[in-house]
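Residues per chain, in single letters:
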Amino acid sequence: MLKTICYVSSLNSSLKINDLNHLFKTTKSNNTCIGISGILIHKNGNFLQILEGEVEKVDTLYQNICLDNRHHSIIIIINTEICDRIFESYGTEFSIIESNRQIHKLKQYLNWLKQAELQKVNKLITIIENFVGVKVFTAI
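Here the structure is a predicted model, which is why all the values come from computation and not from measurement.

A. Local environment of the pattern of salt bridges. Here the structure, examined in full by the defined rule, presents three salt bridges. Glu88 is paired through a salt bridge with Arg85; the nearest N and O atoms lie 3.9 Å apart. Residue Glu88 is classed as exposed on the basis of its relative accessible area of 53%.

B. Quick look at the side chain of Ser95. Within the secondary structure, Ser95 is located in strand E5 (residues 95-97). The class for Ser95 is buried, based on a relative accessible area of 10%. If we ignore the near neighbours within four places in the chain, the residues touching Ser95 are Gly38, Ile39, Leu40 and Tyr90.

C. Up close: the pairing of strand E1 (residues 2-11). Among the 10 residues in E1, 10 count as buried, and that is most of the element. Relative to strand E3 (residues 46-54), E1 runs antiparallel, the two sharing nine bridges. Bridge pairing in E3 places Ser9 opposite Phe47. Both E1 and strand E4 (residues 71-82) contribute to a ladder of nine bridges, which runs antiparallel. Looking at E4, one finds that Thr4 is bridged to Thr80.

The rules we used
Think of each chain on its own: its residues are numbered from 1, step by step along the sequence as written. Since the coordinates come from a predicted model, pLDDT governs what is reported: local features require at least 70, and pairs of side-chain atoms require 80 or more to be given and counted, while whole-chain, interface and lining totals use all residues. Heavy atoms throughout the structure, all of them, feed into the side-chain values; hydrogens and water do not. The rule for a salt bridge is simple: a side-chain nitrogen of Lys or Arg has to be within 4 Å of a carboxyl oxygen of Asp or Glu. Burial classes follow relative accessibility: with a 1.4 Å probe on protein chains only, a residue under 20% of its type's maximum area counts as buried, one over 50% as exposed, and anything between as partly exposed. A helix here means a DSSP run of H or I that spans at least four residues, while a strand means a run of E at least two residues long, and both kinds are numbered starting from the N terminus. The contact criterion used throughout is that any non-hydrogen atoms of two residues lie within 4.5 Å. In short, DSSP must find at least two bridges between two strands for them to pair.

Put into structure tokens, the structure is as follows:
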């Protein structure tokens with residue numbers, strides 16, 4: 001059984017850029033090692049993260065995320081079981097979105113997914129659009 005959790009949170013103001021870079025590196029490595037797919041986006045001191053994987057692994061990871069003092073004010077947007085992963089074919093591992101080039105790549109991928117007109121996919125696309133702050137994802 002698979003599950004996805006999508007949440008937003010705010011960065012702890014005491015974190016420095018080196019701490020953030022370390023967070024990105026360890027998040028990508030750790031999530032990939034335990035079979036978690038998804039994305040992490042940082043913008044204006046806030047995070048949007050989507051996690052996909054086996055129910056137990058996603059729940060355990062999310063519990064650990066809630067205890068992490070590098071961020072606060074966590075709000076769950078989606079917490080549901082899924083039949084298929086959305087981001088498994090996006091990259092070869094868990095993805096960190098931190099540059100315009102990566103946002104463009106994500107845009108292309110989500111446009112491709114949007115054509116499938118899957119309700120859950122379109123809901124995630126809307127969440128990402130709102131977080132990024134610009135309606136950048138349009139149907140082709």
